[in-house]
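Listed here are the chains, written in short residue letters.
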Number of protein chains: 4
Amino acid sequence: MIQAVVWGENVHEKKSSIVADLYPDGMHNCIADALRTGGIDATTATLQEPEHGLPQSRLDRTDVLLWWGHAAHGDVDDAVVDRVADAVCAGMGLIVLHSAHFSKIFKKLMGTPCNLTWREAGERERLWVTSRHHPIARGLPDHFELEQEEMYGEPFAVPEPLETVFISWFQGGEVFRSGLTYRRGAGNIFYFRPGHEAYPTYHDPNIQKVLVNAVTWAASPETRITDVHAAPNTDVADALEPITARGPKLHADGEEGYR
Amino acid sequence: MIQAVVWGENVHEKKSSIVADLYPDGMHNCIADALRTGGIDATTATLQEPEHGLPQSRLDRTDVLLWWGHAAHGDVDDAVVDRVADAVCAGMGLIVLHSAHFSKIFKKLMGTPCNLTWREAGERERLWVTSRHHPIARGLPDHFELEQEEMYGEPFAVPEPLETVFISWFQGGEVFRSGLTYRRGAGNIFYFRPGHEAYPTYHDPNIQKVLVNAVTWAASPETRITDVHAAPNTDVADALEPITARGPKLHADGEEGYR
Amino acid sequence: MIQAVVWGENVHEKKSSIVADLYPDGMHNCIADALRTGGIDATTATLQEPEHGLPQSRLDRTDVLLWWGHAAHGDVDDAVVDRVADAVCAGMGLIVLHSAHFSKIFKKLMGTPCNLTWREAGERERLWVTSRHHPIARGLPDHFELEQEEMYGEPFAVPEPLETVFISWFQGGEVFRSGLTYRRGAGNIFYFRPGHEAYPTYHDPNIQKVLVNAVTWAASPETRITDVHAAPNTDVADALEPITARGPKLHADGEEGYR
Amino acid sequence: MIQAVVWGENVHEKKSSIVADLYPDGMHNCIADALRTGGIDATTATLQEPEHGLPQSRLDRTDVLLWWGHAAHGDVDDAVVDRVADAVCAGMGLIVLHSAHFSKIFKKLMGTPCNLTWREAGERERLWVTSRHHPIARGLPDHFELEQEEMYGEPFAVPEPLETVFISWFQGGEVFRSGLTYRRGAGNIFYFRPGHEAYPTYHDPNIQKVLVNAVTWAASPETRITDVHAAPNTDVADALEPITARGPKLHADGEEGYR
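Here the structure is a predicted model, which is why all the values come from computation and not from measurement.

Conventions we followed
- Residues numbered from 1 in each chain as written.
- Chains lettered and ligands numbered in written order.
- Predicted model: local features only at pLDDT ≥ 70, side-chain atom pairs only at ≥ 80, totals over all residues.
- Heavy atoms only, no water.
- Helix = DSSP H or I, 4+ residues; strand = E, 2+ residues; numbered from the N terminus.
- Contact = heavy atoms within 4.5 Å.
- Areas by Shrake-Rupley, 256 points an atom, 1.4 Å probe, with all protein chains shown as cover.
- Least-squares fit on C-alpha atoms with pLDDT ≥ 70 in both.
- Buried area = accessible area lost by both parts, 1.4 Å probe.
- Salt bridge = Lys/Arg side-chain N within 4 Å of Asp/Glu carboxyl O.
- Polar contact = N/O pair within 3.5 Å; in protein donor to acceptor, adjacent residues only side chain to side chain.
- Pairing = 2+ DSSP bridges.
- Axes fitted to C-alpha atoms, helices over the stretch in contact; angles between N-to-C directions.
- Nonpolar A, V, L, I, M, F, W, Y, C, P; charged D, E, K, R; others polar.

**Some thoughts on the overall build of chain A**
And step 1. Tallying secondary structure elements over chain A gives 7 helices and 9 strands in all.
And step 2. Overall, chain A is about 70 × 40 × 35 Å in size when its C-alpha atoms are taken along their principal axes.
And step 3. The contacts of chain A with a sequence gap of at least 6 include a subset with a gap of at least 24, amounting to 71%.
And step 4. In the structure as shown, chain A presents an accessible area of about 8,300 Å², 49% of it carried by carbon and sulfur atoms.

This is the structure in structure tokens:
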């Protein structure tokens, strides 16, 4: 059974009655419930826990991490961000949700500003499937609607994705690449746009289906890569084809090299 | 005329007589000379200069930056790295050379460890063109050789590139994706593998041709993007299609949003 | 100076007074005029000419071919299609316009059905730039509108592109990937969605700018590849590294191999 | 259980005692046996059967088709090729093996010549994994060897892949992108280089592991897309957002459109 951890910033739920009414147990628990219904073993972690609930030992047994953040991106400890990034490169899946486009972990893994335009007007969003039968779009119609969502508009400053799975149409006239896949090291990454805290998005059956699909797609059964930063100096004597060292040398045999 | 800046770490040249003999004026000057011969207006910058020779005013008028580093990656100021990353996203081209696979700027823009295997044995490297007539491979034969080079081997932990332009064969039995293109924001990036300091690689005519081609390919005539991190909140009243705000709101009109 | 040929099917212009009124000299001449204003040496070719105006000798000196077809895709000679495909793989650029998504040449180069949904209702289309400062989007604002266009909707059955440059928003609720880049062999390909014959799209300044940009982007100064189908049997005696033939053999030395 | 069909040309096995000795039941049966050992329900089809063993009814219930061809590419019926291409776009997986780089089906789906250089000298091939922990590389070491193989060399005229999974090193000095993924419509495609008929490649455990992995990766549990060429004209009255038709029209309501 796939082990998923839903990381929630858990700030709006505490400060806003709008959000608390929509998600009495927090957005993270709503998402985790949906995953469990979809046959995934899901637990939660939040910003407020020690190490934000993400010690190394927990990441080691997490197949896929989902990340929702917004108001407190800056409060996330850099050491935890580095740890998560290494876990992704070692083979953990990562699903980045909505306003987490500006999270430290997403910006770190993308290498770009990840900025966009936005408007909070409760307007209609319609998501179109642009990669039919993609594992993340399984069981979905060619398009589906969210009657009230926050608008995110292009240009979205992310690298060209491996695949564009969804594109959104917004009532106010914008479009957005709402479902994008990436791979970083051995880890699968999926960015999924919808999920503004002021609306009941994570209660929507199509959204829940995408999340279950995405976690299933991102999970890898392989043993994690042990050291994702290793850069081994292979000995001349151990070369796969017989060669003789020649010419000048700056490095000693077996030396670690520079970083 | 394209304005290029060749950034050299300039450490080996000062400490090793092998490198100093090969590159009496430093590797950066050898590269800059080759670019000038190719019709590019090239200057140099080094680690030892204030702000590593890369103040904002200089980046603003640089079309393409070339980066060679190795022994002193850790000495590069994070503020300069952030400045260069922003300049790339704003439209400046970046050519990353050889051991700069482990530079702060490359790892930041890739979002991955960028590690590999290596061996310093002066073995033969043969580069094969895998994207015929790519602008970066213009004027080159289908393959060319470097009689002595350091080996870099796969797996190379970088994101899937836009295009693979060169793949290297090594005498000792390894292969490596030696020419890779990326785009980050409005900036073109090219990683080019050869260039070990102990060998005369940057004197090689084919290598020089690749460098001239790459700078020409990476340069953009467009005015730089002013603020690569801007995430404007667009007013409901200014929506491109007439909409009426509805539903709950957490943000005030014109608010800046969270980071 | 870049040599462009604008291929027009030239059928609607002859049969429909609506189209004839909009494009008295044919759509192809309107497009060619725009290219000439942009500094490109543009001529035209039509379905009705011998070999559809595209003999080998003309393709040999064409840098970029633009293709508009709709009502008569089936009348295009397969031999000409094969010839154009080979020219693209040899290094000629190709710009595929609007309803030419169903042309023989585009389907052949994509390897997919290239189908979509559509509606002719004169609705508003808004194109968003998704790859800022891409050479094809140079000088354009982040979005621009066509007040009346035919709708094309996703899913659009094409391969994942190298880059998505434009995405369209339609008044009736659909989205479409309207600007896509591909490379086939040494040839650059750009698909550009707008251009329904019943509307004045090719008179629009932004559309004309995209066409000039796209032709400039697609053109390659390199000499064409001579035989794009060659699969040379390299002799053991000529191997780049000394090897001795061993084991069983089914092929004779220098044999041509199977197709 | 995944349903795979291994299509074998089955010509060399009949004409060459070398091949018949290596593969007494044909290469296709050797491959099918390996898949069955890997938990896949595999059957075979050959060129000599009616409709080459691939009637529509069989493709309809095939999750993944594997294709090995060489000496008789030209004898494959175009109607069967079109049928297989449509099945792929509808969601069937396709694994293209070795000399099938020149098969009609692969060239059709790629849209390029798919040519390369080659040499039959029984030289050593070493495959390197370039996408660690990719589902197709699961359980494999970072590299593995085939002591005797035919050489295929770059440039390989295929489109830029979604992912490069393997790159081969050859004893005689060449490299080749030996494992490439593509998606065409709803279908996953994997090209895998090794498999010359004169050598025991398909008896190799690592090769068999790749084949089992690739079939598992390519299979999709989704119901097939019914008509992969459909281009529905959506009625104005049925538009998802209320619009009024305006401007000139060339098409009647509900019309089928041109092909």
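**Points about the relation of the copies chain C and chain A**
And step 1. Overlaying chain C with chain A gives an RMSD of 0.0 Å, the required rotation being 180° about an axis along which the chain moves by 0.0 Å. As the rotation angle and translation indicate, the two copies are arranged about a two-fold axis. If distances are taken from each C-alpha of chain C to the rotation axis, the shortest is found for tryptophan 169 of chain C, at 3.2 Å.
And step 2. A share of 100% of interface residues in chain C that are also interface residues in chain A marks the association as one of identical surfaces.

**Some remarks on the environment of glycine 93 of chain C**
Residue and element names in this part refer to chain C.
And step 1. Of note, glycine 93 is situated in strand β4 (residues 93-97).
And step 2. Residues glycine 93 and serine 220 lie 127 residues apart in sequence; the distance between their C-alpha atoms is 7.4 Å.
And step 3. Apart from residues no more than four positions distant in its own chain, glycine 93 is found in contact with Asp63, Val64, Leu65, Asn188 and Ala218.

**Observations regarding the interface of chain A and chain B**
And step 1. In this complex, chain A contributes 70 residues to the contact, which on the side of chain B involves 70 residues.
And step 2. Contact between chain A and chain B buries roughly 5,500 Å² in total, counting both sides, with carbon and sulfur atoms accounting for 59%.
And step 3. At the boundary of chain A and chain B, one finds 2 salt bridges.
And step 4. Between arginine 246 of chain A and glutamate 147 of chain B there is a salt bridge, with the nearest N and O atoms lying 2.9 Å from each other.
And step 5. The tally of links between chain A and chain B comes to 30 residue pairs in polar contact (both at pLDDT 80 or more).

**Let's talk about the sheet that holds strand β7 (residues 163-170) of chain C**
Residue and element names in this part refer to chain C.
And step 1. Spatially, 9 strands are ordered β2-β1-β3-β4-β9-β8-β7-β5-β6 in an open sheet, and the strand pairing comes out mixed. Each having just a single partner strand, β2 (41-46) and β6 (143-153) make up the two edges of the open sheet. The average undirected angle you get between the axes of adjacent strands in this sheet is 25°.
And step 2. Both strand β1 (residues 3-8) and strand β3 (residues 64-68) contribute to a ladder of 5 bridges, which runs parallel. The partner of glycine 8 across the bridge, within β3, is tryptophan 68.
And step 3. Along the sheet, helix α3 (residues 27-37) contacts β1, β2, β3 and β4; its crossing angle with β2, the most-contacted strand, is approximately 170°.
And step 4. Packed onto the sheet, helix α7 (residues 205-218) meets β1, β3, β4, β6, β7, β8 (175-184) and β9 (187-192) and runs at close to 165° relative to β9.

**Focus: the relation of the copies chain A and chain B**
And step 1. Expressed as a screw transformation, the operator carrying chain A onto chain B has a rotation angle of 180° and an axial translation of 0.0 Å, and the superposed copies differ by an RMSD of 0.0 Å.
And step 2. A high fraction, 100%, of the interface residues of chain A reappear at the interface in chain B, so the copies pair face to face through one surface.

**Re the interface of chain C and chain A**
And step 1. With 21 residues of chain C at the contact, the number on the chain A side is 21 residues.
And step 2. When chain C packs against chain A, close to 1,800 Å² is buried across both sides, 62% of that on carbon and sulfur atoms.
And step 3. Our enumeration of links across chain C and chain A arrives at 0 salt bridges.
And step 4. At the boundary of chain C and chain A, one finds 10 residue pairs in polar contact (both at pLDDT 80 or more).
And step 5. For the side of chain C that touches chain A, the element with the most residues is β7 of chain C, which contributes 6 residues.
And step 6. Within the side of chain C that touches chain A, the residues separate by chemical class into 8 nonpolar, 5 polar and 8 charged.

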